[in-house]
2 protein chains.
Amino acid sequence: MCIFLLIFAENPSSIPFTMEQIRNFQELTAHLSARADRKKIAVVCADDPETQYAVERALRENIADFILVGDSGKLKGVRFVEEFADRIEIIDEKDSDTAARRAVELAREGRAGALMKGIINTDNFLRAILNKETGILPQGSLLTHMTAAQVPGMNRLLFFSDVAVIPYPTLEQKERVISLDLAMLRHFGIDRPKVALIHFTEKVNPKFPNSVDAQTLVGMAAEGAFGNAALAGPMDVKTACDHHSAQVKHLESEVAGEADLLIFPNIESANTFYKTITYFGHAEVAGMLLGPKCPVVLTSRADTGLSKFYSLAMAVLGA
Amino acid sequence: MCIFLLIFAENPSSIPFTMEQIRNFQELTAHLSARADRKKIAVVCADDPETQYAVERALRENIADFILVGDSGKLKGVRFVEEFADRIEIIDEKDSDTAARRAVELAREGRAGALMKGIINTDNFLRAILNKETGILPQGSLLTHMTAAQVPGMNRLLFFSDVAVIPYPTLEQKERVISLDLAMLRHFGIDRPKVALIHFTEKVNPKFPNSVDAQTLVGMAAEGAFGNAALAGPMDVKTACDHHSAQVKHLESEVAGEADLLIFPNIESANTFYKTITYFGHAEVAGMLLGPKCPVVLTSRADTGLSKFYSLAMAVLGA
C-alpha cells in the first residue's frame, strides 16, 4: 500500500503498523510516488499550462496515470502526451459539457479514481457531478470544499473548510463537513485530528449562533460522534494555531495551538483566511471537493501550476 | 504643527504645503516627535508592564504627556514616573470604574486629547465612554474600531474595520464607519485613500447582501459622499492588496492591489484577517476606537507593549 507498509512487512517484530503523518506537500508526493498501485485520474479539458504542468509532474513523479477527456486537437504537440503515451488515455470530446459528463461517467464506473477540472466553466463542471441520475454525489450526501495549506515554518499542514461551496453552514452541515474532512485527514496519517471551531472570541454567547454551534459540536465529539478526534471551540484563528496565544488565554485544550483543521463559520472568514495566508503568509495551498463518490479537484484559473499539482496529489491520496 | 510645515514656512517659494504620507509606524512616531505641540493623554489604570512600556516610550520619544488615573500606590517605584514627573500628572482613584469616569471627564473638558485603557474591564471602560450624560460619544454618533497593520515588505500601512465593535454592520453603519476611518486616514497624510469593500468574490449577487451594499457604497462614493477617496468592491482581500491578483482578474480599478483601507462585511472575517496577518503575516498592529469626541485606545491584555505603543501613537495623531 505504501512504503511504510513495506518497511514494516520486512520487520515483523516492529510495533503494529501505523502510517507516518504526512506533514507537508513534499512528503505527500513522496508518499504517493512510493505507492505500488497507481491511481487513474480523469481530467476534463486539460487545456491550460497550469493543469498540464500538474498532469506532467504527476506522470514524471509516478503519482498517477491519466484519462484526458476533451478536445484532443488541443493536446497536439504537447510533449508529455507523447512521452507518457502508455500512461495516458485520451477521450476526444469537442464539447466541454459532454467531456465533463464523460469524465463523471468514468468515475461512476470506477474507471477513474478522482476527477480534475481543467478549462471548463465551474458551474457546468459541477452540474455534471451533481446530476441526480448520472452524477457522482450519493443521494443525501453533502458537497463541501477543503483546503490544505503549507505555511512556511509550520510543522504540519493546516486544513480548513469551506471557502467555496457552503456559504453559511448550519449546525447539521458543519457536522457533516467535519466528518468528510476528518475522513480525508486520516488519509494523511493523522490518527487523532485536532479540530478548531473558529469564531472571533472564545466566549459562547446566544447572540452569536456560531459560538453555540461550536459548543454543541464539542459536546457531540465528547460523545464520540467524530471518532478519534479532538474538537474545541469557539476560538479564533490565532488561538487555534499559536501556542503562545493559547497560553496567554489560559486555554486548557488539546486543540489550542495545535489545530490540524479549522472550521470557519462563514465563507467570508474562510475566504479571508485563504487569501491572507497565501498572500501575506506565503502559504502554498491545495484544494478539493469532498462528498462525491471520489475526490474532485476544482481549481480556479488563478491557481498556479504548483497549487494544481498539490491539489491533484491530495485527490490521488483520497482516491 | 509639524516638521514639514516648519520646513515649508522657511521656504515660501516652495509648492503649497502638503503633508507627506506616513507609511509605517516608525514614520508615525518620528512625525509625532517632531511636532511642536505635545498632546496630553489620559490613561486609566496603567498598571501592566505593556501599558507602562507604551507610556514610557511615548515620554522618551517626546510624543505625548500623560495624566495617569488610577491607584497611585501601584505606580510607586515605577522609575519613569519619577524621571518624567514634570510631564506626568497623577490622579489617585482606587476604584477602576471611578478612574474611568474621571478620565472620560478629562476628555470631555478638553484637558486630555485622547484616552487609553490600562488594566480595567473593557465593558466598564466602555460604559464610562458611552454614558449618555457624562460620556464622550456625541448623540447620534457611531462607535467603531479601526486597526492599522504594518506588514513586512508592504510600502504602506493597511487599515481595516471592524474587529471589535460592530459585528454585522448595516449599509448605513458601513457608510459611517468609512467616513470615520477616512477622517483618521487623512491624519496619516493620505490625500486620496483607497477603500476596498471586502467580500469573497467580485460578483454582485442579491443572495449576498454585502455584495449589494458594496455596489451601493461605490455608487455613493462616485457621487462624492466620501470626499476625495476611491471606493471599489466587492473584492477579496488578495485582490485588494496584491497587484498580481488584480491583474489576473482584469480588474480596472484604482483600488485593486492598492487598498489603504479594508472594510470587512462581518466580525468573523475581520477578526480572521487580524489574527492571520499578525500570526502568519508577522504584522505589527495598532488599534483605536473612533466616533467619540477624541480617539480612544482600547488595547487587550494579549497585546504586546509595542502594539500598545503604536496604538497610543495613532491616538495621539488623531487627538
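### Some thoughts on the packing of helix α5 (residues 96–108) of chain B against helix α6 (residues 122–130) of chain B
Residue and element names in this part refer to chain B.
Item 1. Across the interface, α5 lies against α6 with an axial gap of 9 Å and an inter-helix angle of 35 degrees. Handedness of the α5/α6 crossing: right-handed. Two secondary-structure elements touch here, α5 through Asp 97, Ala 100, Arg 101 and Val 104 and α6 through Asn 124, Phe 125, Ala 128 and Ile 129.
Item 2. Class assignment of the residues belonging to the contact of α5 with α6 gives a composition of five nonpolar, one polar and two charged.

### Examining the nonpolar core
Item 1. Membership of the largest hydrophobic core comes to 60 residues, with the highest contact counts inside it found for Phe 66, Phe 159 and Phe 188 of chain A.
Item 2. No other element matches the eight residues that helix α12 (residues 305–318) of chain A contributes to this core.
Item 3. Among residues more than four places away in sequence, those in contact with Phe 66 of chain A are Lys 40, Ile 41, Val 43, Val 55, Ala 58, Leu 59, Arg 87, Ile 88, Glu 89 and Leu 312 of chain A.
Item 4. With 59 residues, the next largest nonpolar core counts Ile 22, Leu 32, Ile 166 and Leu 217 of chain B among its residues.

### Brief notes about the relation of the copies chain A and chain B
Two chain copies, one operation linking them: a rotation about an axis together with a shift along it.
Item 1. With an axial shift of 0.0 Å and an RMSD of 0.0 Å, the rotation relating chain A to chain B amounts to 180 degrees. Considering both components of the superposition, the chain copies are consistent with a two-fold axis. Scanning chain A for the C-alpha nearest the rotation axis identifies Ser 269 of chain A, at a separation of 1.9 Å.
Item 2. A symmetric contact is evident, with 100% of the interface residues of chain A recurring at the interface of chain B.

### A look at the side chain of Lys 194 of chain B
All names here are of chain B.
Item 1. Inspection of the secondary structure assignment puts Lys 194 in strand β7 (residues 194–198).
Item 2. Within the buried set, Lys 194 has no salt-bridge partner at all; the shortest N-O distance to an opposite charge, 4.6 Å, is to Glu 254.
Item 3. Aside from chain neighbours lying at most four places away, what touches Lys 194 is Ala 230, Glu 254, Val 255, Glu 258, Ala 259, Asp 260 and Leu 261.

### With respect to the confidence of the model for chain A
Residues and elements named next belong to chain A.
Item 1. Mean pLDDT over chain A works out to 92, with 94% of the residues at or above the 70 mark.
Item 2. Note that pLDDT drops below 50 for residues 1–16; the model gives that stretch 15 contacts with residues more than four away or on any other chain.
Item 3. For this predicted complex, the interface confidence reaches an ipTM of 0.91, while the overall pTM sits at 0.92.

### With respect to the pattern of salt bridges
Item 1. Across all of its chains, the model carries 34 salt bridges over all chains by this definition.
Item 2. Between Lys 275 of chain B and Asp 236 of chain A there is a salt bridge, and its shortest N-O distance comes to 2.7 Å. Linking Lys 275 of chain B in helix α11 (residues 267–279) with Asp 236 of chain A in the loop between β8 (230–235) and α9 (237–241), this pair reaches from one chain into another. The pair Lys 275 of chain B / Asp 236 of chain A is uniform in exposure class, with both members buried.
Item 3. Overlapping salt bridges bring together Arg 38, Asp 65 and Arg 87 of chain A as one network.

### Here we look at helix α7 (residues 171–187) of chain A
Residue and element names in this part refer to chain A.
Item 1. Spanning 17 residues, α7 covers 25 Å between terminal C-alpha atoms, matching the ideal 24 Å at 1.5 Å per step.
Item 2. Within α7, burial applies to Lys 174, Val 177, Ile 178, Asp 181, Leu 182, Met 184 and Leu 185. All buried residues of α7 fall inside an arc of 165 degrees around its axis, so they share one side.
Item 3. One or two residues past the end of α7 sits Gly 189, with phi positive at roughly 80 degrees.

### Remarks on the pairing of strand β6 (residues 158–161) of chain A
Residues and elements named next belong to chain A.
Item 1. Judged by which residues are buried, β6 turns out to be covered on both faces: Leu 158 and Phe 160 on one side and Phe 159 and Ser 161 on the other are all buried.
Item 2. Two strands pair when backbone bridges link them, and strand β5 (residues 144–150) and β6 are joined in this way by three bridges, in the antiparallel orientation. Bridged to Ala 149 within β6 is Leu 158.
Item 3. With three bridges joining them, β6 and strand β9 (residues 261–263) adopt parallel strand pairing. Counterpart to Phe 159 in the pairing with β9 is Leu 261.

The rules behind the values
Here the residue index of a chain counts from 1 through its sequence in written order. For this description, chains carry letters from A and ligands carry numbers from 1, given in the order in which they are written. Residues qualify for local features only when their pLDDT is at least 70, as the model is predicted, and side-chain atom pairs are given and counted only at 80 or more; totals for whole chains, interfaces and linings, by contrast, use all residues. Side-chain metrics rest on all non-hydrogen atoms present in the structure, leaving aside hydrogens and water. Note on definitions: angles span 0 to 180 degrees between N-to-C directions of axes, and those axes are lines fitted to C-alpha atoms, for helices only across the stretch in contact. Secondary structure elements are taken from DSSP: a helix is a run of H or I of four residues or more, a strand is a run of E of two residues or more, and numbering for both begins at the N terminus. With the far helix as reference, a near helix turned anticlockwise by less than a right angle produces a left-handed crossing, and one turned clockwise produces a right-handed crossing. Contacts: residue pairs with any heavy atoms within 4.5 Å of one another. The residue classification treats Ala, Val, Leu, Ile, Met, Phe, Trp, Tyr, Cys and Pro as nonpolar and Asp, Glu, Lys and Arg as charged. All others, Gly included, are polar. Nonpolar cores were defined as sets of buried Ala, Val, Leu, Ile, Met, Phe, Trp, Tyr and Cys residues, with membership established by side-chain atoms within 4.5 Å. Residue exposure (1.4 Å probe, protein chains only): buried if accessible area is under 20% of the type maximum, exposed if over 50%, otherwise partly exposed. Superposing copies: least-squares fit, C-alpha atoms only, residues required to have pLDDT of at least 70 in both. His residues and chain termini do not enter the charge count, which takes Lys and Arg as positive and Asp and Glu as negative. Throughout this description, the term salt bridge denotes a Lys or Arg side-chain nitrogen within 4 Å of a carboxyl oxygen of Asp or Glu. Note on scores: pLDDT gives the predictor's confidence for each residue, bounded by 0 and 100. Expected span of a helix: the number of residues minus one, times 1.5 Å. By arc we mean the arc of the directions from the helix axis to the C-beta atoms, nothing more. Only strands joined by at least two bridges in the DSSP assignment are considered to pair.

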